[in-house]
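Structural description and commentary
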Amino acid sequence: FSGESARYTWYRVAFLGGVDLRQGPSVEAARTGETLSQNATFAAAEELLGADGRVYLRLADGRGWAFDDTTLFPHDPAVIRGYWSPLGPAPVVAGDGTAPSAGKLDAPSS
């Protein structure tokens, strides 16, 4: 999945309360038990326009379905479409704001 991330559309959860994942493409579908927290990012492998005006998003990793309700709530959408992708851990930064050179973190201070 990670090597194919460029072929998916990415979304970020904008809603403060997060988004409960569903077992199918409907807000009436059973919940999976997992909630994506605000600012979580995910890749959508499929997008289906629902009769209720929401776009249902099948997560590429198979965890379930989320929804984009931007057309219904443009000032408070559940998710925002974008170009986010997971990143590794943030780089370690030295106290002076520069990245340390190799071995610098383990060297005793004098």
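Residues numbered from 1 in each chain as written. Predicted model: local features only at pLDDT ≥ 70, side-chain atom pairs only at ≥ 80, totals over all residues. Heavy atoms only, no water.

Examining the overall build of the chain
Quick reminder of the rule: Under the DSSP-based scheme used, a helix requires at least four consecutive residues in state H or I and a strand at least two consecutive residues in state E, with every element numbered from the N terminus. Relative accessible area decides the class of each residue, using a 1.4 Å probe on protein chains only: under 20% of the type maximum gives buried, over 50% gives exposed, and in between gives partly exposed. The contact rule is simple, with two residues in contact once any of their heavy atoms fall within 4.5 Å. All accessible-area figures derive from a Shrake-Rupley calculation using a 1.4 Å probe, and residue coverage is judged against the displayed protein chains alone.
The helix and strand inventory of the chain stands at zero helices and seven strands. Across the chain, helices and strands are ordered from the amino to the carboxyl terminus as β-β-β-β-β-β-β. Classification of the 110 residues of the chain by burial places 29% in the buried group. For the chain, the share of sequence-separated contacts (at least 6 apart) that also reach a separation of at least 24 residues comes to 47%. Of the accessible surface of the chain, which amounts to about 7,200 Å², a share of 54% is contributed by carbon and sulfur atoms.

Some points on the side chain of Arg22
Put simply, the test is: Counting rule for charge: Lys and Arg are taken as positive, Asp and Glu as negative, and neither His nor the chain ends is counted. Here a salt bridge means any side-chain nitrogen of Lys or Arg lying within 4 Å of a carboxyl oxygen belonging to Asp or Glu. Identification of polar contacts relies on pairs of N or O atoms within 3.5 Å, with a donor-acceptor requirement for protein atoms, meaning one able to donate a hydrogen and the other able to accept it, and with residues adjacent in sequence counted only if both atoms are side-chain atoms.
Note that Arg22 resides in strand β2 (residues 19-22). Although Arg22 is buried, it makes no salt bridge; Asp20 carries the closest opposite charge, 4.9 Å away. Of note is the side chain of Arg22, whose polar atom sits 2.9 Å from the backbone oxygen of Val27. Setting aside residues up to four positions removed in sequence, Arg22 forms contacts with Val27, Ala29, Ala30, Arg31, Thr32, Gly64 and Trp65.

Observations concerning the confidence of the model for the chain
Test applied: Known as pLDDT, the predictor's confidence for each residue is given on a scale from 0 to 100.
Confidence along the chain averages 84 in pLDDT terms, with 71% of residues attaining 70 or more. When the criterion is pLDDT under 50, residues 102-108 qualifies, and its contacts beyond four places in sequence or with other chains add up to two contacts.

What to know about the environment of Thr32
Following the sequence through the fold, Thr32 ends up in strand β3 (residues 31-36). Thr32 sits in the partly exposed class, given a relative accessible area of 34%. Residues within four places of Thr32 in sequence aside, it is in contact with Leu21, Arg22, Gln23, Arg63 and Gly64.

Focus: the packing of aromatic side chains
Going by this rule: Pairing of aromatic rings covers Phe, Tyr and Trp, the last counted by its six-membered ring, and requires centre-to-centre distances within 6.5 Å; plane angles under 30 degrees mean stacked, over 60 mean edge-to-face, and any other angle means tilted.
Inspection of every chain in the model, using the stated rule, returns two aromatic pairs. With a centroid separation of 5.6 Å and an interplanar angle of 15°, the aromatic rings of Tyr11 and Phe42 are classed as stacked. Highlighted residues: Tyr11 in strand β1 (residues 9-13) and Phe42 in strand β4 (residues 41-49), separated in sequence by 31 residues. The exposure classification of Tyr11 matches that of Phe42, with both residues buried.

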